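Take a look at the letters that make up each chain.
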Amino acid sequence: MPHIEQDKTRLKDDAWDRIWEKLKTIHGIKIGTPWTCRRFVEAVLWILRAGGQWRSLPAERGNWNSIFKRFARWSDKGVWDQIHATLVEGADLQDVSIDSTTARAHACAAGAANSSADHEALGRSRGGFGCKIHAAVDGLGMPIRFILTGGQAADITQGIPLMKDILAEACLADKGYDSDEFLAWLKARGIKAVIPPRANRKEQRECDWWHYKERHVVECMFGKLKYYRRIAMRYEKKAINFMSMLTFAATLLWLR
């Protein structure tokens, strides 16, 4: 029989069942029937995957304006974060790898009303105007935490916030995180630092290079996230909406 490729803008039944079970426990939102709620979530998935404008949402997916407003309400109430957090409870925290990647900002990402670029995690770097995604992944490369900053922010500024309250055995990161303060913070919590020393460090230190090879999982995770065009380039004006797209994409990685 000929192979029929699955529509990647539709959820698999088992993935939807897990999302629905969590949605039923979240107070303060109207979810409606399983069919109407799934239709809404899959409409957001279409936007996430295709990267198109909300106005370009196919009519059979629903009214674009209603879908957008509901998506924004869920973002304000942290619904997308709560769904992701439920899955993170099963993370393998033996190793935690941290890193960042840049999402270039589309022209429509600028100009949020009554706000500023700094407030919406947008800024200029050598790569242009954009947003930096700082992430922590577990030992299997599954995303467990995200932080958004402007594109000009140094990676080390988010080292401690990324690892805060994570009970890991080891933290794997590139030399951009080689800071005495961060190393001391990890040591005080009994977390092994697998971080290469900077070339200009006055006192060189050892690094477990064999263990460091496992850091590739965070790079692979970024690659998977950027298959979703809404992540590869930032279209959202508001940081909270972009974070929701990011956590929804991370949820889909967990549900594979």
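Located above this text is the structure these notes cover.
Below: a short report on this structure. (Residues numbered from 1 in each chain as written. Predicted model: local features only at pLDDT ≥ 70, side-chain atom pairs only at ≥ 80, totals over all residues. Heavy atoms only, no water.)

What to know about unusual backbone geometry
Operational definition: Secondary structure elements are taken from DSSP: a helix is a run of H or I of four residues or more, a strand is a run of E of two residues or more, and numbering for both begins at the N terminus.
With a phi close to 55°, Asn114 is a non-glycine residue in the positive phi region. Among the structural elements, Asn114 can be located in the loop between strand 1 (95-105) and strand 2 (123-125).

A short note on the pattern of salt bridges
Quick reminder of the rule: Put simply, a salt bridge is a Lys or Arg side-chain nitrogen that is within 4 Å of an Asp or Glu carboxyl oxygen. The rule is simple: take the accessible area with a 1.4 Å probe, protein chains only, and divide by the maximum for that residue type; under 20% is buried, over 50% is exposed, in between is partly exposed.
Applying the stated criterion to the full structure yields 15 salt bridges. Residue Arg10 is joined to Asp7 by a salt bridge in which the shortest nitrogen-to-oxygen separation is 3.8 Å. Residue classification places Arg10 among the partly exposed residues on the basis of a relative accessible area of 37%. Owing to a relative accessible area of 37%, Asp7 belongs among the partly exposed residues under this scheme. The shortest N-O distance in the salt bridge between Arg215 and Glu219 comes to 3.2 Å. Taking the relative accessible area as the measure of exposure, Arg215 reaches 11% and is therefore buried. Because the salt bridges share partners, they merge into one network encompassing Asp7, Arg10, Asp13, Arg38, Glu42 and Arg61.

Here's the deal with the nonpolar core
Our working rule: What makes a nonpolar core is a set of buried Ala, Val, Leu, Ile, Met, Phe, Trp, Tyr and Cys residues whose side-chain atoms join them at distances within 4.5 Å. Any two residues whose heavy atoms approach within 4.5 Å at even a single point are treated as in contact.
With 78 residues, the main nonpolar core has Leu23, Trp74, Ile98 and Ile231 as its most contacted residues. By residue number, the principal contributor to this core is helix 10 (residues 239-254), which donates eleven residues. When residues no more than four places from it in sequence are discounted, the contact partners of Ile98 are Ala135, Ala136, Gly159, Leu162, Met163, Cys171, Leu172, Ala173, Tyr177, Phe182, Arg215 and Val218.

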